[in-house]
Amino acid sequence: MAEEKTKKPAGEDHGAEPKAGSTKLKENEEPDDVEYLEVEAASPLKVVLVTLGVIFLLAVIVAAAGSLYLYSQLKPVNPGAQDEVVEVEIPKGSSTAQIAQILHEAGLIKNERLFYYYVRYLGVSDFKAGQYQLSPSMSARKIIEVLQEGG
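Structure report, in brief. Since the model is a prediction, treat every value here as computed from it, not as a measurement.

The next subject is the overall build of the chain. A tally of helices and strands in the chain yields 4 helices and 4 strands. Traced from its N-terminal end to its C-terminal end, the chain shows the element sequence β-β-α-β-α-α-β-α. Every one of the 151 residues in the chain was classed for burial, and the buried ones make up 23%. Per element, the accessible surface of the chain, about 11500 Å² overall, is 54% carbon and sulfur.

The next thing to look at is the packing of aromatic side chains. Taken as a whole and judged by the stated rule, the model has 1 aromatic pair. Ring geometry for Y116 against Y117: centres 5.2 Å apart, planes inclined by 70°, an arrangement best described as edge-to-face. On the basis of relative accessible area, Y116 is assigned to the partly exposed category, the value being 24%.

Further remarks concern empty space enclosed by the protein. Tallied over the full model, the rule gives 1 cavity of 30 Å³ or more. When residues of the lining of the largest cavity are traced back to their parent elements, those giving at least two are α1 (44-74) and α4 (140-149). Looking at the lining of the largest cavity residue by residue, the class counts come to 9 nonpolar, 3 polar and 2 charged.

In this section: helix α3 (residues 112-122). Within the sequence span of α3, burial applies to L114, F115, Y118 and V119. For α3, the arc enclosing every buried residue in end-on projection is 140°, short of the 170-degree limit, so these residues lie on one face. Facing away from the buried side of α3 by more than 90 degrees, the exposed set consists of R113 and R120. Taken together, the buried residues of α3 touch α1, α2 (96-105) and α4. In the segment just after α3, G123 is the residue with positive phi, at about 75°.

Turning our eyes to something else, we now look at the side chain of S135. Tracing the backbone through its elements, the reader meets S135 in the loop between β4 (130-134) and α4. Polar contacts involving the side chain of S135 include one to the main-chain carbonyl oxygen of E84, which spans 3.1 Å. Setting aside chain neighbours within four positions, we find S135 in contact with A81, Q82, E84 and L108.

Definitions and cut-offs
- Residues numbered from 1 in each chain as written.
- Predicted model: local features only at pLDDT ≥ 70, side-chain atom pairs only at ≥ 80, totals over all residues.
- Heavy atoms only, no water.
- Helix = DSSP H or I, 4+ residues; strand = E, 2+ residues; numbered from the N terminus.
- Buried < 20%, exposed > 50% of the residue type's maximum accessible area, 1.4 Å probe, protein only.
- Areas by Shrake-Rupley, 256 points an atom, 1.4 Å probe, with all protein chains shown as cover.
- Phe/Tyr/Trp six-rings, centres within 6.5 Å; stacked < 30°, edge-to-face > 60°.
- 1 Å grid on protein atoms, 1.4 Å probe; cavity = no way out; pocket = protein on both sides within 12 Å on 5 of 7 lines; lining within 4 Å.
- Points joined across faces, edges and corners; volume = space filled by probe spheres on them.
- Nonpolar A, V, L, I, M, F, W, Y, C, P; charged D, E, K, R; others polar.
- Arc of directions from axis to C-beta.
- Contact = heavy atoms within 4.5 Å.
- Polar contact = N/O pair within 3.5 Å; in protein donor to acceptor, adjacent residues only side chain to side chain.

Right under this line is the structure:
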């Protein structure tokens, strides 16, 4: 498909009457001192490629922002509280959702729903019931490891 090019005089309004003092040109006659701008019609392929590029860039930005958010939610609640200990009891037969709720209420995780999905993503299901001494300086991964070992 050939690209269409149209020549238009730079800064000239084609529908206007000639200005005073100028000589009127005959139809299809061009003055010698007019510069022409070449105007290219955008090809459909260019439009599609630019649109796809913008969509891809937006998808990458959204994915990166989402990843950063998830990463921040699984980090320790208070990294500087290594000496602080919180005692929690995990009752026998507790589901992962119930454990996440207990940990969230104790201030050991930031987001119980994300913790729940993270545990499911890891494929962990063998938490042991008991008394635990955990710290807000522990990451979600470390808390999961402790709950698997038993208290």
